[in-house]
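What follows is each chain in one-letter form.
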Amino acid sequence: MSNHNSDTDPDFFRQISEFWSAQLNNEIFLRGHPDIERGSKEYFDIILSARRKYIYYLPRIIEYLEASPDNSLLEVGCGMGTDTLIFAEKGFQITGIDLAQGHLQLAERLFRLYNVSGEFIKGNAEILPFSDEHFGCVFSFGVLHHTPNTPKAIQEVFRVLKPRGRAVLMLYNRMSLNNLAHWITGKGFENARRENGARHDAPVTQRFTKSQVRRMCSMFRDCEIRVEYLYGAGWGKVYDLTPKLIYHILSRIIGWHLLVYLTK
Ligand SMILES: C[S@@+](CC[C@H](N)C(=O)[O-])C[C@H]1O[C@@H](n2cnc3c(N)ncnc32)[C@H](O)[C@@H]1O
């Protein structure tokens, strides 16, 4: 787990926020579209359709969260709001929070373009600016492994949930093919570029085992962990050429995403 102590290193969050304002992870889906204007309708349409393709298990998450005590949904680390939009279109009442202003501006623009409502707030997953038992459900996708104190952030998810509230978290899986491939090649996880062209990586990218996740979530009444997503767009042609049956079988064994389904 991370060595950073976020309580004693507040500047570190500024670095995380600056990194993610410059690194728009979903732009990986625009590789074949060099001339698309950032924030245009076409930009979002391509990203949304790619997310529906690669994040094939989103319908299961929606179904799980629909059984929450009410439809108030907090997305922690909403990024540019693509999944948030899908939840809003399903009738959830949306609050999105993220550290990175660059991502939040795009989320607001996306919601205006699609004419749906939601509130977006700049804030930190480790100190959520909400009262106890405020939300019926919480969703957080690919975020809490990028913050230094993941157990603290999960404790915050628990705190802001109503009794019987439901949460779904996606955390990176240590025991995965993707983690092994990055370990062998030494490649960074987020494929980010510096202005001079040299690659660098997110300030924090933790990978967890299922038992670490169970320990961090032990305060919840129920915790089910499913393994998904062998690999995605980052693997280019390898993804396209993998027979889908094999992809789905291996995803359930050595996939990169730990989907944590929680009930308070
Ligand atoms: C890989 S992106 C995922 C964004 C979005 N969930 C998605 O799937 O497109 C990680 C996001 O986590 C946010 N983030 C990282 N640490 C955070 C923290 N402590 N509090 C709030 N947001 C954080 C980053 O700003 C970034 O938008």
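In the block above lies the structure referred to throughout.
Positions within a chain are numbered from 1, following the residues in the order the chain's sequence is written. The predicted nature of this model means local features are confined to residues of pLDDT at least 70 and side-chain atom pairs, given and counted, to a pLDDT of 80 or more, with totals for whole chains, interfaces and linings taken over all residues.

Asker: Would you explain the environment of aspartate 83 in this entry?
Answerer: Here aspartate 83 shows up in helix H4 (residues 82-89). Judged by the 23 C-beta atoms lying within 10 Å of it, aspartate 83 falls in the buried class. Note on contacts: each residue gets a C-beta atom placed from the backbone, and two residues are in contact if those atoms are within 7 Å. For aspartate 83, the residues in contact, after removing those within four places along its chain, are Leu58, Glu75 and Phe141. Helical segments are the DSSP runs of H or I of at least four residues, strand segments are the runs of E of at least two, and each set is numbered from the N terminus. Working definition of burial: number of other C-beta atoms within 10 Å of the residue's own, with buried at 20 or more, exposed at 12 or fewer, and partly exposed in between, all C-beta atoms being placed from the backbone.

Asker: It is not clear to me how the pairing of strand S3 (residues 119-122) should be interpreted in this structure. Could you clarify?
Answerer: Judged from the 4 bridges that link them, strand S2 (residues 93-98) and S3 form a sheet pairing that is parallel. Following the sheet pairing, glycine 96 is matched in S3 by phenylalanine 120. Seen with the strands pointing away from the viewer, any crossover whose path from the first strand over the helix to the second strand runs clockwise is right-handed. Handedness of the S2-helix H5 (residues 101-113)-S3 crossover: right-handed. At least two DSSP bridges between two strands are required for those strands to pair.

Asker: Any chance you could explain the nonpolar core here in plain terms?
Answerer: The nonpolar side chains of soluble globular proteins are, as a tendency, buried together. A set of buried Ala, Val, Leu, Ile, Met, Phe, Trp, Tyr and Cys residues, joined through C-beta atoms within 7 Å, is what we mean by a nonpolar core. In this structure, Leu73, Val138 and Val260 are the most contacted members of the largest nonpolar core, which totals 56 residues. By residue number, the principal contributor to this core is strand S5 (residues 161-172), which donates 6 residues. Dropping the residues within four chain positions of it, leucine 73 is found in contact with Leu65, Phe87, Phe92, Gln93, Ile94, Phe135, Gly136, Cys137 and Phe139.

Asker: Help me out: how do you make sense of the packing of helix H1 (residues 11-22) against H5 in this one?
Answerer: Any two packed helices are characterised by how steeply their axes cross, that is the angle between the axes, and by the distance between the axes. Throughout, an axis means a line fitted to C-alpha atoms (over the contacting stretch in the case of helices), and angles, computed between N-to-C directions, take values from 0 to 180 degrees. In contact at an axis separation of 6 Å, H1 and H5 are set at 45° when each is read in the N-to-C sense. In terms of their interaxial angle, H1 and H5 are classed as oblique. Residues Trp20, Ser21 and Ala22 of H1 lie in contact with H5, whose contacting residues are Gln101, Gly102 and His103. Each residue gets one label: Ala, Val, Leu, Ile, Met, Phe, Trp, Tyr, Cys and Pro are nonpolar, Asp, Glu, Lys and Arg are charged, and the others, such as Gly, are polar. Taken together, the residues that form the contact of H1 with H5 break down as 2 nonpolar, 4 polar and no charged. Throughout this description, any angle smaller than 35 degrees is read as roughly parallel, any larger than 145 degrees as roughly antiparallel, any in the 65 to 115 degree range as roughly perpendicular, and the remainder as oblique.

Asker: Could you clarify how one ought to interpret the sheet that holds S2 in this entry?
Answerer: Hydrogen bonding along the main chain pairs the strands of a sheet, whether they run parallel or antiparallel. An order of S3-S2-S1-S4-S5-S9-S8 is seen for the 7 strands of this open sheet, with the pairing classed as mixed. The open sheet has two edge strands with one neighbour each: S3 and strand S8 (222-228). Neighbouring strand axes in the sheet, compared pairwise and without regard to direction, differ in orientation by 15° on average. Examined bridge by bridge, strand S1 (residues 72-76) and strand S4 (residues 135-141) share 3 bridges and lie parallel to one another. Across the sheet, the residue bridging to leucine 74 is valine 138, located in S4. Contacts from helix H3 (residues 58-66) reach S1, S4, S5 and strand S9 (257-263) within the one sheet, and its direction differs from that of S5 by about 165°.

Asker: Where do I start with the environment of glutamate 18 in this structure?
Answerer: Of note, glutamate 18 is situated in helix H1. In this structure glutamate 18 comes out as partly exposed when scored by C-beta crowding, with 15 C-beta atoms within 10 Å. In sequence terms glutamate 18 and aspartate 98 are 80 residues apart; their C-alpha atoms lie 12 Å from each other.

Asker: I'm lost on the pairing of S4 in this one. Help?
Answerer: Regular strands place side chains that alternate from one sheet face to the opposite one. Most of S4 is tucked away, with 7 of its 7 residues classed as buried. Alignment of S4 against S5, held across 6 bridges, turns out to be parallel. Within S5, the residue paired with phenylalanine 135 across the bridge is leucine 161. The β-α-β motif built from S4, the intervening helix H6 (residues 150-160) and the parallel element S5 has right-handed crossover chirality.

Asker: Just to check I follow, could you spell out the environment of phenylalanine 130 for this structure?
Answerer: Tracing the sequence through the fold places phenylalanine 130 in the loop between S3 and S4. Overall, the presence of 15 C-beta atoms within 10 Å leaves phenylalanine 130 in the partly exposed class. Each C-alpha atom of the pair phenylalanine 130 and valine 160 lies 6.6 Å from the other, and the pair is 30 residues apart in sequence.

Asker: Looking at this structure, how should I read H5?
Answerer: Structurally, the α-helix is built with 3.6 residues per turn, so residues lying three or four positions apart point the same way. Taking 1.5 Å per residue, 13 residues should reach 18 Å; H5 reaches 18 Å between its end C-alpha atoms and fits that length. Of the residues making up H5, those classed as buried are His103, Leu104, Leu106, Ala107, Leu110 and Phe111. Looking straight down H5, one finds that the buried residues subtend no more than 160° of arc, so they occupy a single side. Buried residues along H5 sit in contact with H1, helix H2 (41-54), H4, S2 and S3. Between the first and last residue of a helix there are one fewer steps than residues, each counted as 1.5 Å, and that sum is the expected span. By definition, the arc is the one covered by directions from the helix axis to the C-beta atoms.

Asker: Would you mind going over unusual backbone geometry with me for this structure?
Answerer: Generally, phi is negative for residues other than glycine and the peptide bonds are trans, each holding for most cases. A positive phi angle is found at asparagine 115, which is not glycine, with a value near 55°. Following the sequence through the fold, asparagine 115 ends up in the loop between H5 and S3. In this model, arginine 164 sits at a positive phi of 70°, which is unusual for a non-glycine residue. Topologically, arginine 164 is positioned in strand S5.

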